[in-house]
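Tertiary structure, described
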Amino acid sequence: MTTVYLDNAATTPLADSVREALAPFLGEEFGNPSSRHALGVRAAEALTRARTQVARAVGAEPSEVVFTSGGTEANNLAVLGAARARGKQGARVLIGATEHPSVRAAAEALAAEGFDVQTIPLDGAGDLDLQAAEALLTPETVVVAQMLVNNEVGTIYPVASLARLARQRAPHAHVHTDAVQGLGKLALDLGELGVDSCAVSAHKVHGLKGTGALITLPGTRLQSLIFGGGQQNGVRPGTENVVGAAAFGAAAHLADERYEQTFEHAAGLRDQLARGLEALDGMSLLEPGTERMPSICSLLVPGAPAEVWQHHLEAHGVFVSVGSACQSNESTISPALLALGLDAERARQVLRISFSALTTGDEVDAALDALGSLAPELEGLS
């Protein structure tokens, strides 16, 4: 059975050029980058090269790149580190309504420490409600965290507009964006976004799992979450993951080179998917927001919960993901889907289909064929 992989928003396969770039660091180039002998110097040079590649992909300087264990740690470091470096009892933290759990959970931790955590709502179209954000921003706001691209429904949020509002109304706030789903698909520039920091992840752009980065503006104050040696200027101490960083650098370089092509390719695949769904009763794409990332498609399916569809599709060799937690407790339903106005039952009927530069039109057709063959069996279930 041919495997049709359409879960690229979860992770992507390793690119050949990335595999080639990391290979030496699995063998002869095993040095510690803090060592002063030749092996260590070459490892340090590899880190510098990787920082340069990641920085170029987000319009930043190499000195502004801090390697982390992934997007989760990068988001934690930004939200917790910035708030604690600036915070005082009652200081305000604003987060978007559809944030990744690594931002939401970090904000919950800050609430337990006495911070005033508020959520920026969405408007009726599924866009960020900038008018509401303006009202929530105060001089006491110390952190504003808003993702750039929603990882479940693909909405592209107006982060630059929010950052401008924050500069006007909360001049001391640290503005952070989770750009994990934007890297390799949008033109990223830290300065144009107007943010103080952004989080990115390697395995979303054909790199290795377990590697990410937080990119910050010069002079950004962050309280470290980890304590140890002075690596990475003490912001994220510990012996660096040279293998992961080298792979991330190569992946970021590849992503930066072809982001326009990747976006256009995904747009074509999304159009193909939408046309095919017209022939399938009861299925439709969720399309919230003014701008959307075409590589992330949320499909409302009829009848059975999305998790049932997911497992039946897998039996046909088609791998997709579920857009919400399929549990009876409404509190476990995806906040992103609830924020869009879906009730708990409808939120459990969302499948996520996501593309990469490697996805083919034949794979989209195979997914449509599988959906069509399963519909008679599953559309009448609940």
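The following paragraphs examine the structure supplied in this document. Since this is a predicted model, take the numbers as computed values, not measurements.

Going through the model one piece at a time under the given rule, you end up with eight salt bridges. Note that R167 is salt-bridged to D196, the shortest N-O span being 3.0 Å. Placement of the pair is R167 in helix α6 (residues 159-169) and D196 in the loop between α7 (190-193) and β7 (197-201), with a sequence separation of 29 residues. Across the salt bridge formed by R270 and E287, the nearest N and O atoms sit 3.5 Å from each other. Here E287 lies in the loop between β9 (284-286) and β10 (296-300) and R270 lies in helix α8 (residues 242-277), a separation of 17 residues in the sequence.

It is worth spelling out the sheet that holds β10 at this point. One open sheet accounts for four strands, arranged β9-β10-β13-β12; its pairing is antiparallel. Across the chains shown, the open sheet's two edge strands, defined by having one partner strand only, are β9 and β12 (321-322). Contacts from helix α9 (residues 306-315) reach β12 and β13 (350-354), with the element oriented near 45° to β13.

Right, let's talk about the environment of T72 for a bit. Inspection of the secondary structure puts T72 in helix α3 (residues 71-86). Here the alpha-carbon distance between T72 and N8, two residues 64 residues apart in the chain, equals 17 Å. In this structure, T72 is in contact with H100 and S102, ignoring residues within four places of it in sequence.

Looking now at the packing of α8 against helix α12 (residues 361-378). The contact between α8 and α12 brings their axes to 10 Å, and the two run at 25°. Taken as axis vectors, α8 and α12 run roughly parallel relative to one another. α12 is crossed by α8, and the crossing has right-handed handedness. Note on element contacts: α12 touches α8 through G361, V364, D365, L368 and L371, opposite L269, Q272, L273, G276 and L277. Looking at the contact of α8 with α12 residue by residue, the classes come out as six nonpolar, three polar and one charged.

Cut-offs used in this document
- Here the residue numbering is sequential within each chain, running from 1 through the sequence in written order.
- The predicted nature of this model means local features are confined to residues of pLDDT at least 70 and side-chain atom pairs, given and counted, to a pLDDT of 80 or more, with totals for whole chains, interfaces and linings taken over all residues.
- In computing side-chain values, all of the structure's heavy atoms are included and hydrogens and water are not.
- Salt bridge, as used here: a side-chain nitrogen of Lys or Arg that lies within 4 Å of a carboxyl oxygen of Asp or Glu.
- Strands are runs of DSSP state E lasting at least two residues, helices are runs of H or I lasting at least four, and both sets are numbered from the N terminus onward.
- Only strands that DSSP links by at least two bridges are regarded as paired with each other.
- We call two residues in contact when some of their heavy atoms are within 4.5 Å.
- To obtain an axis, a line is fitted to C-alpha atoms, over the contacting stretch when the element is a helix, and the angle between two such axes runs from 0 to 180 degrees between their N-to-C directions.
- Roughly parallel means an angle under 35 degrees; roughly antiparallel, over 145; roughly perpendicular, 65 to 115; everything else is oblique.
- Helix crossings get a hand from a simple test, with the near helix turned counterclockwise from the far one by less than a right angle marking a left-handed crossing and a clockwise turn marking a right-handed one.
- Three categories are distinguished: nonpolar for Ala, Val, Leu, Ile, Met, Phe, Trp, Tyr, Cys and Pro, charged for Asp, Glu, Lys and Arg, and polar for the others, with Gly belonging to the last.

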